[in-house]
Amino acid sequence: MDFNDTTDETKFREEAFNWLSNNAPLKENPKDTWKPASEEEGLKEAKAWAAKLHEGGWACLHWPKEYGGRDATPIERVIWGQEISKFKVPGGYFEIGQGMAGPVMMMYANEEQKKRYLPPLAKAEEVWCQLFSEPASGSDLAGLKTKCEKDGDDWIINGQKIWTSGAHFSDYGIIVTRSDPNVAKHKGLTYFFLDMKSPGVEVRPIKQISGGANFNEVYFTDVRIPDEQRLGEVGDGWKVSLTTLMNERLAVGDASGPDFEEAFNLARGQDLNGKLAIENDSVREKLADWYCQASGLKFAKYRNISALSRGETPGPQSSITKIVSANKLQEIANFGLDLMDNAGILRSDDRDAEQSMYQYGFYGAAGLRIAGGTDEILKNIISEQVLGMPQDMRADKGIPFNEIPTSTK
Amino acid sequence: MNFEFSQEQVQLRDSVRKMLDNKEALKKAREVLEGEKSYDKDLWNSLVEMGLTATTIPEEYEGLGLGHLELCVVAEELGRSLAPTPFSSSVYLATEALLLLGSDDQKKEYLPKLARGEIIGTFAHSESNTSPTASNINTVVNNGKINGKKIAVPDGDVSDFAIVTAVEDGKIGLYAVNLKNEKSQIISQDTLDPSRSHAEISFDGADSELLGSTEEGWANLNNLLDKAAVLFAFEQLGGAEACMNMAKEYSLGRFAFGRPIASFQAIKHKLADMFVTVELARSNCYFGAWALSTDSAELPTAAATSRVSASQAYHECSKENIQTHGGMGFTWEFDCHLFYKRCRQLAANIGSQAIWKDKLISSLERANTL
């Protein structure tokens, strides 16, 4: 057990820090995070930054070099994460493409497609989204209804997807559809990638509780996809989806928003009942709990990386990361706003970056507890796949999809 | 960077676990709980024979000269099996106090005997129903003679000597006091966890020898407690995981409404919650182990984090293990209560949750690195 760097790791860390120093501003304090003026501006800045990363050889660290990555070891990824967190850099637009679509293309696309699509994805020249959830199939993902029908060398897609982050600025998407409604639900799915500019694709933004619209409904009317853009065999879409979801939980894991450090700094600067909040025992107790959670997650991740370094595959253990971080974010955001007393409810986008961070965290956490698997689904995954407890009783087991009762209400 | 124990350390874990299984440590914990014995001598002798009491003692004092990582591995197994021995008192506290603060003469006198398991030591700190502070310790030392009363001293009735906190000239110090004399009166005390004995000890002018200096007494005490906190945390972690596994096994075999209760989401989610607390605690404990073994400047933070996290995990898992067992879990016959009781004892022995949470935030304020 050694929490210090080896000589090679020290060298890598220095190299990373030096490159970042030459290309990005250091954060002045933990609160000093990148915040674009608008989504359009943000996307522009994020693309420029991604291109710079690629040029410097720091894009998609875990990808093979031939597709635009760096072939970095898991430990190097940890080190890079530690170093880049010291800098004020754009983020938040390409996780789905680089973290989920990329890996699934690497596994299932043909060589020609990989060479065509992966490098522009690594450079963020092209942006990808993931078209999975539907109005009546979120946690019960395999209950999806968007159908695909074979027509010569093409497939015709009809149906609707929902909660599709970034669909409005994406160039490509990965999508899972139903090819056969006459077999059990997991068996009749087929997976594709498609051009989001294809005729018949309509993207409608959904206004969220934050007032923003980061995700969308996407409608498909007779959308044509060439068979060569199928990923995996016909009817094997569930297997491909599970690969994607495993990667999603690795990619989505970290919550953005105030964490222990921000709450600690807030409590050290904020007055509470005539004293600093940090001097209040109930505040100290909450902070200690959050520190233990944040620290536990950090070292759990390191342990996971050690396992990866020994060639073990990432287990469903990583599901704990999202459960803990989303709940922690929700509590910390609520705590921060509470410390601001009645003024904490005043929207403050323009006047107070700190207050705004807690407010976004307050809204965002409610979504994060659902996105990429709800707390409840993740607890099922832990109990079933890690602890080996029985699967939930399923009323639809073995029944052909078109005979399963459904309701969207 | 590498965040796992080495192959050798894993082998040590396996051999300690095997020995404790063979000796039926859990059954022995019940025997101690139900009987008159203060601890299980046979089990203690086996720990000694394996050299575990000598783990971190340097070879020059007849120890094995291994590191604290090895001791963490041992602690986890002792916690998992509920081994009813004075190991935590004698090794994590008394031995560590001597290693940390003892003069060469003191080390020569105590450490070989501790390594060989010939003597048992403990740590006597609490005096009242409140946590000890620099200003509320009433045990005093004058001209080497100690006077005062300590309560709830773990293994106080079976220890040969104690490391005692006391005040001399207005300053806190740590003193080694021989308990086998007329000037140390020892009375066994009933506790919530009778599988581990505790005693009240009154000193009426007994001889005492200072460890280290009183100038740095309070800092020394906190350093000792930080080191012990990591070892206690591993013992708590082992107990927490044992409870989680018990709950899982029971739920798989217990049927209700025509199904194993493990198939009910309410039970599955309870187990998932236990798993989350155990994983967080384990991860924090590993960092604590590293900080302890390298004497890192981060030890105060890492120790408090391990301690808080492992105390929480054990509490969560031991109470929900009973809940998962239903009425059976509340019976004397099932083992759930043994863990529930041990959990409270381990959480109490070197200071409460509230105190360690406060220490954690204080250490972060001091480090001021954020």
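Quick caveat: nothing in here was measured; it's all calculated off a predicted structure.

On a plain count of helices and strands, chain B comes out with eleven helices and nine strands. For chain B, the C-alpha radius of gyration of 20 Å lies close to 21 Å, the compact-globule estimate for 370 residues. In terms of principal-axis extent, the alpha carbons of chain B reach across some 75 × 50 × 40 Å. Per-residue burial for chain B yields a buried fraction of 61% across its 370 residues. Considering only residue pairs separated by 6 or more positions, chain B has 74% of its internal contacts joining residues 24 or more positions apart. When the 36 positive and 51 negative side-chain charges of chain B are each reduced to one mean point, those points stand 5 Å apart.

Our focus in this paragraph is helix α2 (residues 39-56) of chain A. Spanning 18 residues, α2 of chain A covers 25 Å between terminal C-alpha atoms, matching the ideal 26 Å at 1.5 Å per step. At the exit of α2 of chain A stands Gly 57 of chain A, carrying a positive phi of roughly 85°.

Before going further, it helps to examine the interface of chain A and chain B. Taken together, the contacts link 50 residues of chain A with 46 residues of chain B. For the pair chain A and chain B, the summed buried surface comes to about 4,600 Å²; carbon and sulfur atoms form 66% of the total. At the junction of chain A and chain B, the tally comes to nine salt bridges. The interface formed by chain A and chain B holds 26 residue pairs in polar contact (both at pLDDT 80 or more) in total.

Let us now look at the packing of helix α7 (residues 260-269) of chain A against helix α10 (residues 353-368) of chain A. Residues and elements named next belong to chain A. Relative orientation of the contacting elements α7 and α10 amounts to 135°, with a least axis distance of 12 Å. Judged by the inter-axis angle, α7 sits oblique to α10. Considering the relative orientation of α7 and α10, their crossing is left-handed. Contact residues: α7 offers Glu 262, Ala 263 and Leu 266, while α10 offers Glu 354, Met 357 and Tyr 358. For the contact of α7 with α10, the class distribution of residues is four nonpolar, no polar and two charged.

Let us now look at the pattern of salt bridges. Pairing between side chains of opposite charge can happen when their charged atoms approach one another. Applying the stated criterion across every chain yields a total of 53 salt bridges over all chains. The salt bridge partner of Asp 289 of chain A is Lys 357 of chain B, with a shortest N-O separation of 2.9 Å. Note that Asp 289 of chain A is positioned in helix α8 (residues 281-309) and Lys 357 of chain B in helix α11 (residues 353-367), a pairing that runs across two chains. Judged by its relative accessible area of 5%, Lys 357 of chain B is buried. Glu 77 of chain B is the salt-bridge partner of Arg 13 of chain B, the closest N and O atoms lying 4.0 Å from each other. Of this pair, Arg 13 of chain B sits in helix α1 (residues 7-22) while Glu 77 of chain B sits in helix α4 (residues 68-81), and the two are 64 residues apart along the sequence. For the pair formed by Arg 13 of chain B and Glu 77 of chain B, the shared burial category is buried.

Core analysis: the biggest nonpolar cluster contains 154 residues, and Trp 80 and Leu 287 of chain A together with Leu 20, Phe 87, Tyr 92, Ile 163 and Phe 234 of chain B have the highest contact counts within it. Excluding residues within four positions of it along the chain, Tyr 92 of chain B makes contact with Ala 75, Leu 78, Phe 87, Leu 224, Ala 228, Leu 231, Phe 232 and Glu 235 of chain B. In this structure, Tyr 67, Leu 121, Val 176 and Val 240 of chain A belong to the second largest nonpolar core, which totals 27 residues.

It is worth spelling out unusual backbone geometry at this point. Phi is positive for Ala 124 of chain A, close to 65°, though the residue is something other than glycine. Residue position: Ala 124 of chain A is located in the loop between α5 (111-122) and β1 (128-131). Non-glycine residue Phe 257 of chain B carries a positive phi angle of around 55°.

It is worth spelling out the pairing of strand β5 (residues 189-195) of chain A at this point. Residues and elements named next belong to chain A. Here β5 lies mainly inside the structure; six of its seven residues are buried. Across seven bridges, strand β4 (residues 172-178) lies against β5 in antiparallel orientation. Considered in β5, the bridge of Ile 174 is made with Phe 193. Of the pairings in the sheet, the one linking β5 to strand β8 (residues 230-231) comprises two bridges and is antiparallel in character. Counterpart to Phe 192 in the pairing with β8 is Arg 230.

Let us look at the packing of aromatic side chains. Overall, the coordinates contain 38 aromatic pairs over all chains when judged by the stated rule. When the centroid spacing of 5.9 Å and the interplanar angle of 90° are considered together, the rings of Tyr 117 of chain A and Trp 128 of chain A count as edge-to-face. Note that Tyr 117 of chain A is positioned in helix α5 and Trp 128 of chain A in strand β1, a separation of eleven residues in sequence. On the accessibility criterion, Trp 128 of chain A (3% relative accessible area) is buried. For the pair Phe 234 of chain B and Tyr 286 of chain B, a centre-to-centre distance of 6.3 Å together with 10° between the ring planes defines the contact as stacked. Remark: Tyr 286 of chain B occurs in helix α8 (residues 265-293) and Phe 234 of chain B occurs in helix α7 (residues 217-253); sequence separation between them is 52 residues. In terms of burial, Phe 234 of chain B and Tyr 286 of chain B fall into one category: buried. Within the aromatic cluster, the residues linked to one another by ring pairs are Phe 3, Phe 299 and Tyr 302 of chain A together with Phe 3, Phe 287 and Trp 290 of chain B. Sitting above the plane of the Tyr 286 of chain B ring, Arg 303 of chain A keeps its charged end 5.2 Å from the centroid. The ring centre of Phe 264 of chain B lies 4.2 Å from the NZ or CZ of Arg 259 of chain B, which sits over that ring.

Cut-offs and rules
Residues numbered from 1 in each chain as written. Chains lettered and ligands numbered in written order. Predicted model: local features only at pLDDT ≥ 70, side-chain atom pairs only at ≥ 80, totals over all residues. Heavy atoms only, no water. Helix = DSSP H or I, 4+ residues; strand = E, 2+ residues; numbered from the N terminus. Rg over C-alpha atoms; globule rule 2.2 N^0.38 Å. Buried < 20%, exposed > 50% of the residue type's maximum accessible area, 1.4 Å probe, protein only. Contact = heavy atoms within 4.5 Å. Lys, Arg positive; Asp, Glu negative; His and termini not counted. Charge placed at Lys NZ, Arg CZ, Asp CG, Glu CD. Expected span 1.5 Å × (residues − 1). Buried area = accessible area lost by both parts, 1.4 Å probe. Salt bridge = Lys/Arg side-chain N within 4 Å of Asp/Glu carboxyl O. Polar contact = N/O pair within 3.5 Å; in protein donor to acceptor, adjacent residues only side chain to side chain. Axes fitted to C-alpha atoms, helices over the stretch in contact; angles between N-to-C directions. Parallel < 35°, antiparallel > 145°, perpendicular 65-115°, else oblique. Left-handed = near helix turned anticlockwise from the far one by under 90°. Nonpolar A, V, L, I, M, F, W, Y, C, P; charged D, E, K, R; others polar. Core = buried A, V, L, I, M, F, W, Y, C linked by side-chain atoms within 4.5 Å. Pairing = 2+ DSSP bridges. Phe/Tyr/Trp six-rings, centres within 6.5 Å; stacked < 30°, edge-to-face > 60°. Lys NZ or Arg CZ within 6 Å of the ring centre and 35° of its normal.

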